[in-house]
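Now for the letters of each chain:
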Amino acid sequence: MSSLDHRFPELQLLNTLLERASPWLRADAISSVTVQDEELPIWCLEMGSTSPEVPAIGFFGGVHGMERIGTQVLIAWLQTLLTRLEWDEHFASLLGRMRLVFMPMVNPGGLLLSTRANPAGVDLMRSAPQDANSRVPFLVGGHRFSERLPWYRGRVGDEVPVEAQALFRVVRERLHSHAFSMAMDCHSGFGFRDRIWFPYARSTEPAPNLPDAFALRALFNRTYPNHSFYIMEPQSVSYTTHGDLWDFLYDEYLSAHGGTFLPFTLEMGSWLWMKKNPRQLFSWFGHFNPILPHRQERVLRRHITLFDFLIEAACAHEKWLPQGELRKRYRHEALVRWYRS
Ligand SMILES: [Zn+2]
């Protein structure tokens, strides 16, 4: 085991996955960052059809380096999927009808350094070139004071960080190029509950695809009534921010394409792990990641049902994307639920 493997176990896991050389998996280093004399690739892995007519779905992790559990969840799931492809003909045939994209380690420098920000101190989730429409919470909503404070956006006129550029490129080339696409970006660290957020973070106004997100939520709740631990809502219900990567990509898609792009963020509620193990309060790392092995294993399997559901739902989107009167009704119900004022 090299010293880098020791300091960065997720990279070692990812390399082991690549060494399997599965005929199903395509891997590209989209970009790289150099930290502590180590050149760290920003990987994009994918499988399935690249035809623009088929739906596409992307899973993202490690945007915030210290939230390692998101990266771990995706790598563990990728291992499962590659093993399934050795025997599961249903899943193999599904890949003929869709594109599956993974970026499990968007911010490898932050993972190596165990920081939320990238190695330059920029919070990627505040770094998109877009301001919120109204006031955001002090600091947390994104600021330009100093890279020594969390949630730093960078200076006015700075280039978008390379990690965010790599993510933009993957989303534009591999998701936006399809008539229907979804994204799920895995984070941890906010609250006691597992939250699934959708746009907007920049605005307390409803997003045009609100009825579609509402329909997906209803479909999941109806299909998996015993998975009520997720709270699915627009991010602005919790707080608003500047520079959200998914808002930026969502607005860009709306202005240039006529199809459907639904980006979601999973915020695994890590305060829950602290409540069960108060010793974690004394570990900065533990604020964002489960420490006990059985708890980590539980988190690694907790979201598989949701991820499998999203794949199947992307493939079957014509069955549940609401049209006509139903779409109007869902929009109304969503407005009443989240935008009463
Ligand atoms: Zn995060």
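Data block above holds the structure.
It should be emphasised that the depicted structure is a prediction, and the values quoted were computed from it without experimental measurement. (Residues numbered from 1 in each chain as written. Predicted model: local features only at pLDDT ≥ 70, side-chain atom pairs only at ≥ 80, totals over all residues. Heavy atoms only, no water.)

J.: Just checking my understanding: could you explain the overall build of the protein for this structure?
T.: Per the secondary structure count, the protein includes 13 helices and 8 strands. Expected size for 341 residues packed as a compact globule is a radius of gyration near 20 Å; at 19 Å, the protein falls within 12% of this value. For the protein, the C-alpha atoms occupy an extent of roughly 60 × 50 × 40 Å along the three principal directions. Contacts in the protein between residues at least 24 apart in sequence constitute 79% of all its contacts with a sequence separation of at least 6. When the 36 positive and 36 negative side-chain charges of the protein are each reduced to one mean point, those points stand 8 Å apart. (Helix = DSSP H or I, 4+ residues; strand = E, 2+ residues; numbered from the N terminus. Rg over C-alpha atoms; globule rule 2.2 N^0.38 Å. Contact = heavy atoms within 4.5 Å. Lys, Arg positive; Asp, Glu negative; His and termini not counted. Charge placed at Lys NZ, Arg CZ, Asp CG, Glu CD.)

J.: I would appreciate a short explanation of helix 8 (residues 245–256) in the present structure.
T.: Note on helix geometry: an α-helix contains 3.6 residues per turn, so any two residues three or four positions apart are oriented the same way. An ideal rise of 1.5 Å per residue puts 16 Å on 12 residues; helix 8 measures up with 17 Å between its terminal C-alpha atoms. Along helix 8, the positions that sit buried rather than exposed are Leu245, Trp246, Asp247, Phe248, Leu249, Tyr250, Asp251 and Tyr253. Buried residues along helix 8 sit in contact with strand 3 (56–61), helix 6 (162–174), strand 5 (180–188) and strand 8 (260–268). (Expected span 1.5 Å × (residues − 1). Buried < 20%, exposed > 50% of the residue type's maximum accessible area, 1.4 Å probe, protein only.)

J.: How should I be thinking about the packing of aromatic side chains in this particular structure?
T.: Centre-to-centre distance and the angle between the planes together describe a pair of aromatic rings. Taken as a whole and assessed by the stated rule, the structure comprises 21 aromatic pairs. Judged by centre distance (4.8 Å) and plane angle (75 degrees), the ring pair of phenylalanine 59 and tryptophan 77 falls under edge-to-face. Within this pair, whereas phenylalanine 59 is found in strand 3, its partner tryptophan 77 is found in helix 3 (residues 68–84), the two being separated by 18 residues in sequence. Judged by its relative accessible area of 0%, phenylalanine 59 is buried. Overall, the relative accessible area of 1% leaves tryptophan 77 in the buried class. Between phenylalanine 220 and phenylalanine 309, the aromatic rings sit 5.0 Å apart at their centres with planes inclined by 70 degrees, giving edge-to-face as the arrangement. Remark: phenylalanine 309 occurs in helix 11 (residues 304–315) and phenylalanine 220 occurs in helix 7 (residues 210–223); sequence separation between them is 89 residues. Residue phenylalanine 220 shares its accessibility class with phenylalanine 309, and that shared class is buried. Chaining the aromatic ring pairs together yields one cluster made of Phe198, Phe214, Phe264, Tyr330 and Trp338. Arginine 202 extends its terminal NZ or CZ atom over the ring of tyrosine 200, reaching a point 4.0 Å from the ring centre. (Phe/Tyr/Trp six-rings, centres within 6.5 Å; stacked < 30°, edge-to-face > 60°. Lys NZ or Arg CZ within 6 Å of the ring centre and 35° of its normal.)

J.: What should I look at first to understand the coordination of the zinc ion in this one?
T.: Tetrahedral coordination by four donors places them ideally at 109.5 degrees to one another around the metal; octahedral coordination by six donors ideally gives 90 or 180 degrees. At this site the zinc ion is bound by His64 (ND1), Glu67 (OE), Glu67 (OE) and His187 (ND1), with donor distances of 2.0 to 2.5 Å. In this structure, the zinc ion is surrounded by 4 donor atoms whose angles at the metal cover 56 to 152 degrees, and the resulting shape is irregular. Counting gaps between the donor residues of the zinc ion yields the pattern H-x2-E-x119-H. (Donors = N, O, S within 2.8 Å, 3.2 Å for Na, K, Ca; no water. Tetrahedral: all angles 85-135°; square planar, octahedral: opposite > 155°, others 65-115°.)

J.: For this particular structure, what's the right way to read the sheet that holds strand 7 (residues 230–234)?
T.: Strands pair in a sheet through their backbones, by hydrogen bonds, and they do so in one of two ways: parallel or antiparallel. Spatially, the 8 strands line up as an open sheet ordered 1-2-4-3-5-8-6-7, and their pairing is mixed. Both outer strands of the open sheet, strand 1 (26–35) and strand 7, are each paired with one neighbouring strand and no more. Going from strand to strand, the sheet's axes swing by 20 degrees on average, the running direction of each strand aside. Sheet strands in contact with helix 3 are strand 2 (38–48), strand 3, strand 4 (99–103), strand 5 and strand 8, and its direction is about 135 degrees off that of strand 3. (Pairing = 2+ DSSP bridges. Axes fitted to C-alpha atoms, helices over the stretch in contact; angles between N-to-C directions.)

J.: Honestly, helix 11 in this entry has me stumped. Any pointers?
T.: Under the 1.5 Å per step criterion, the end-to-end length of helix 11 is 17 Å for 12 residues, consistent within 8% with the ideal 16 Å. Residues Leu306, Phe307, Phe309, Leu310, Ile311, Ala313 and Ala314 constitute the buried set of helix 11.

J.: Sorry if this is basic, but what is going on with the pairing of strand 1 here?
T.: Both strand 1 and strand 2 contribute to a ladder of 9 bridges, which runs antiparallel. Along strand 2, the bridge assignment pairs threonine 34 with glutamate 39. Between strand 1 and strand 2, which pair antiparallel and follow one another directly, the connecting turn spans 2 residues, one of which, glutamine 36, has a positive phi of 50 degrees.

J.: Is there a simple way to think about the pattern of salt bridges in this case?
T.: A side chain of one charge can pair with a side chain of the opposite charge if their charged atoms are brought near each other. The full count for this structure, using the stated rule, is 22 salt bridges. One salt bridge in this structure joins arginine 99 and glutamate 46, with 2.8 Å as the shortest N-O distance. Of the two residues, arginine 99 is situated in strand 4 and glutamate 46 in strand 2; the sequence distance between them amounts to 53 residues. For arginine 99, a relative accessible area of 8% puts it in the buried group. With a relative accessible area of 4%, glutamate 46 lands in the buried category. As a salt-bridge pair, lysine 328 and glutamate 325 come within 3.4 Å of each other at their nearest N and O atoms. You can see lysine 328 and its partner glutamate 325 sitting in helix 13 (residues 324–338), 3 residues apart, about one turn around the helix. (Salt bridge = Lys/Arg side-chain N within 4 Å of Asp/Glu carboxyl O.)

J.: I keep staring at the packing of helix 3 against helix 11 and nothing clicks. Help me out?
T.: Two packed helices can be described by the angle between their axes and the distance between those axes. Look at helix 3 against helix 11: their axes get within 11 Å of each other, and the N-to-C directions meet at 60 degrees. The angle between the axes of helix 3 and helix 11 places the two elements in the oblique class. For helix 3 against helix 11, the interelement crossing comes out right-handed. Between helix 3 and helix 11, the residues in contact are Val73, Leu74, Trp77 and Arg84 and Ile304, Phe307, Asp308 and Ile311, respectively. A per-class count over the contact of helix 3 with helix 11 returns 6 nonpolar, no polar and 2 charged. (Parallel < 35°, antiparallel > 145°, perpendicular 65-115°, else oblique. Left-handed = near helix turned anticlockwise from the far one by under 90°. Nonpolar A, V, L, I, M, F, W, Y, C, P; charged D, E, K, R; others polar.)

J.: Is there a simple way to explain the nonpolar core in this structure?
T.: Soluble globular proteins tend to bury their nonpolar side chains together. Counting 96 residues, the largest nonpolar core has Phe59, Leu100, Leu167, Met184, Trp246, Phe264 and Phe307 as the members making the most contacts within it. In terms of residue count, the dominant contributor to this core is helix 3 (8 residues). Those residues in contact with leucine 100, other than ones at most four positions away along the chain, are Leu45, Glu46, Met47, Ile57, Phe59, Leu81, Phe91, Leu95 and Ile311. (Core = buried A, V, L, I, M, F, W, Y, C linked by side-chain atoms within 4.5 Å.)

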